[in-house]
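Each chain, letter by letter, is given below.
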Amino acid sequence: TEARVSFAESLLRAAALNPSFANLSQTNADKVLKNAEADGDMRSASRAYGLKGLLLKRIGQNRDAITELGKAASAAQSVSANDLAYKWNAELAKLNEIEGSKGKALEYYKASIDNLQQIRSGILQLNPQVQYEFRDRAESIYREYMGLLLDKPSPDLREVIRVNDKLRVGELENYLQCDLTRLTSLLDLPVETSADATIYIIRLSNRYAVIVRTKDGNLKHRVIDAKNVNESLKILKQNLQSDSTEG
């Protein structure tokens, strides 16, 4: 079953170059699912349901894809397979956002991040290349979730900061190769009396968020298009280089 589902996943990747492989992938996924359910192998069943969902997403049948991916997430969670559940919950978040169900999208993003937090310590045991690929996928989930939170009329800025803290701690763990789960969020510390405010600069998928925490604990924010920031940084860099040359 494990070999067959891996083969079906390979066929799905190959379908990007040759669409005819999609039908073969579907056939193999159906066989895997039948065997997995008969054997009570919920991990393989999760992978098969997820594969069927991705195939449906590929041809634009988003509603049916959501149904299959929901089954994949449930199967994964039934055996605490967080390494699978985070992927399916992230896919469900994206599809629900596309379909206009932003409330459900937020729920699935949060579930995906909860899954990621559960497998964080295990990531440190992986080889560097696998760590890099995993980190790249996981990082986008955190940033997309924060972006969606900030799109709400009255965003929960504390939740945005906490999610960003989780992302930053994960990056530190990967760099230092140690467990930092006991680190305290800045939100849980008192604002320094000597400082007028604490400023958080958070990079989203294609924007930046600036959140200011005042002395009295109030939070204010502004979201800026990444293109404007990058252009400003480019001009600043050119000016600094010009000053250096003249000096």
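Look above for the structure.
Source: prediction; values computed, not measured. Sequence order sets the numbering: in each chain, residues are counted from 1 along the sequence as written. Selection of residues for local features in this predicted model requires a pLDDT of at least 70, selection of side-chain atom pairs for listing and counting requires 80 or more, and totals for whole chains, interfaces and linings are taken over all residues. Note that the side-chain values use all heavy atoms of the structure and ignore hydrogens as well as water.

A.B. asks: Let's hear about the sheet that holds strand β3 (residues 219-225): which residues, and what values?
C.D. replies: With respect to topology, three strands assemble into an open sheet ordered β1-β2-β3, the strand pairing being antiparallel. If you trace the sheet from one side to the other, it starts and ends with β1 (197-203) and β3, each paired once. Taking each pair of neighbouring strands and ignoring which way they run, the sheet shows an average axis angle of 15°. Two strands form a pair only when DSSP identifies at least two bridges running between them. Per the convention used, a helix needs a DSSP run of H or I reaching at least four residues, while a strand needs a run of E reaching at least two, with both numbered from the N terminus. Pairing analysis gives seven bridges linking β1 to strand β2 (residues 207-214), with the strands arranged antiparallel. Among the inter-strand pairings, Ile202 is bridged to a residue of β2, identified as Ala209. In this analysis, axes come from line fits to C-alpha atoms, helices being fitted only over the stretch in contact, and the angle between any two N-to-C directions falls in the range 0 to 180 degrees.

A.B. asks: For the pattern of salt bridges, give the residues involved together with the corresponding values.
C.D. replies: Any Lys or Arg side-chain nitrogen found within 4 Å of a carboxyl oxygen on Asp or Glu counts as a salt bridge. Summed over the entire model, instances satisfying the criterion amount to nine salt bridges. For Lys57, the salt bridge goes to Glu91, with nearest N and O atoms at 2.8 Å. In this pair, Lys57 is assigned in helix α3 (residues 42-58) and Glu91 in helix α5 (residues 82-98), connecting sequence segments 34 residues apart. Exposure categories follow from relative accessible area, calculated using a 1.4 Å probe and restricted to protein chains: below 20% of the type maximum is buried, above 50% is exposed, and the middle band is partly exposed. The exposure class of Glu91 is buried, given its relative accessible area of 16%. Measuring nitrogen to oxygen at the nearest pair gives 3.5 Å for the salt bridge that ties Lys110 to Asp114. With Lys110 and Asp114 both in helix α6 (residues 102-123) and four residues apart, the pair spans about one turn of that helix. Take Lys110: its relative accessible area is 41%, and that puts it in the partly exposed class.

A.B. asks: Go over the environment of Arg120 with me, naming the residues and quoting the values.
C.D. replies: By the element assignment, Arg120 lies in helix α6. Sequence-wise, Arg120 and Asp83 are 37 residues apart; in three dimensions their C-alpha atoms are separated by 9.9 Å.

A.B. asks: Any details on the pairing of β2? Residues and values, ideally.
C.D. replies: Counted along the chain from β1 to the antiparallel partner β2, the turn is three residues long. In this sheet, β3 lies alongside β2 in antiparallel orientation, the contact comprising seven bridges. Paired with Arg207 across the strands is Asp225, a residue of β3. The antiparallel pairing of β2 with β3 creates a hairpin that spans four residues between the two strands, and Gly217 there sits at a positive phi of about 90°.

A.B. asks: Break down the packing of α3 against helix α4 (residues 62-78) for me, citing the residues and quoting the values.
C.D. replies: Packing of α3 against α4 brings their axes to within 7 Å, and their N-to-C directions diverge by 165°. Overall, the two elements α3 and α4 adopt an arrangement that is roughly antiparallel. Both α3 and α4 take part in a crossing whose hand is left-handed. Facing α3, whose interface residues are Met42, Ser46, Tyr49, Gly50, Lys52, Gly53, Leu56 and Lys57, α4 presents Asn62, Asp64, Ala65, Glu68, Leu69, Lys71, Ala72, Ala75, Ala76 and Ser78. Class assignment of the residues belonging to the contact of α3 with α4 gives a composition of eight nonpolar, five polar and five charged. By definition in this entry, angles of less than 35 degrees are roughly parallel, angles greater than 145 are roughly antiparallel, angles of 65 to 115 are roughly perpendicular, and the rest are oblique. The hand of a helix crossing depends on one turn: near helix anticlockwise from the far one by less than a right angle means left-handed, and clockwise means right-handed. Any two residues whose heavy atoms approach within 4.5 Å are treated as being in contact. Each residue gets one of three labels, nonpolar for Ala, Val, Leu, Ile, Met, Phe, Trp, Tyr, Cys and Pro, charged for Asp, Glu, Lys and Arg, and polar for the others, Gly among them.

A.B. asks: Provide a residue-level description of the side chain of Asn164, including the pertinent values.
C.D. replies: When you line up the elements, Asn164 lands in helix α8 (residues 157-176). Residue classification places Asn164 among the buried residues on the basis of a relative accessible area of 10%. Ignoring sequence-local partners within four residues, the contact set of Asn164 consists of Met146 and Ile202.

A.B. asks: Hey, could you go over helix α2 (residues 21-39) for me, with residue numbers and the actual values?
C.D. replies: Along an α-helix, residues three or four positions apart point the same way, because every turn accommodates 3.6 residues. Take the residue count of a helix, subtract one, and multiply by 1.5 Å to get its expected span. Helix length check: α2, at 19 residues, gives a terminal C-alpha distance of 27 Å against a target of 27 Å (1.5 Å per residue), a fit within 8%. Those residues of α2 that fall on the buried side of the exposure criterion are Ala22, Ser25, Asn28, Ala29, Val32, Leu33 and Ala36. Burial along α2 is one-sided: seen end-on, the buried residues are contained in an arc of 145°. Across α2 from its buried face, at more than 90 degrees, point the exposed residues Asn23, Lys34 and Ala38. This arc is built from the directions going out from the helix axis to the C-beta atoms.

A.B. asks: Summarise the packing of aromatic side chains; cite the residues concerned and give the values.
C.D. replies: Aromatic rings in a pair are described by how distant their centres are and how their planes are angled relative to each other. Aromatic rings from Phe, Tyr and Trp, taking only the six-membered ring of Trp, are treated as a pair when their centres fall within 6.5 Å; an angle between ring planes under 30 degrees marks them as stacked, one over 60 as edge-to-face, and anything in between as tilted. Summed over all chains, the structure comprises one aromatic pair. With a centroid separation of 6.2 Å and an interplanar angle of 35°, the aromatic rings of Tyr109 and Tyr145 are classed as tilted. Taken together, the positions of Tyr109 in helix α6 and Tyr145 in helix α7 (residues 128-150) put the pair 36 residues apart, joining distant regions of the chain. For Tyr109, a relative accessible area of 1% translates into the label buried. Residue classification places Tyr145 among the buried residues on the basis of a relative accessible area of 4%.

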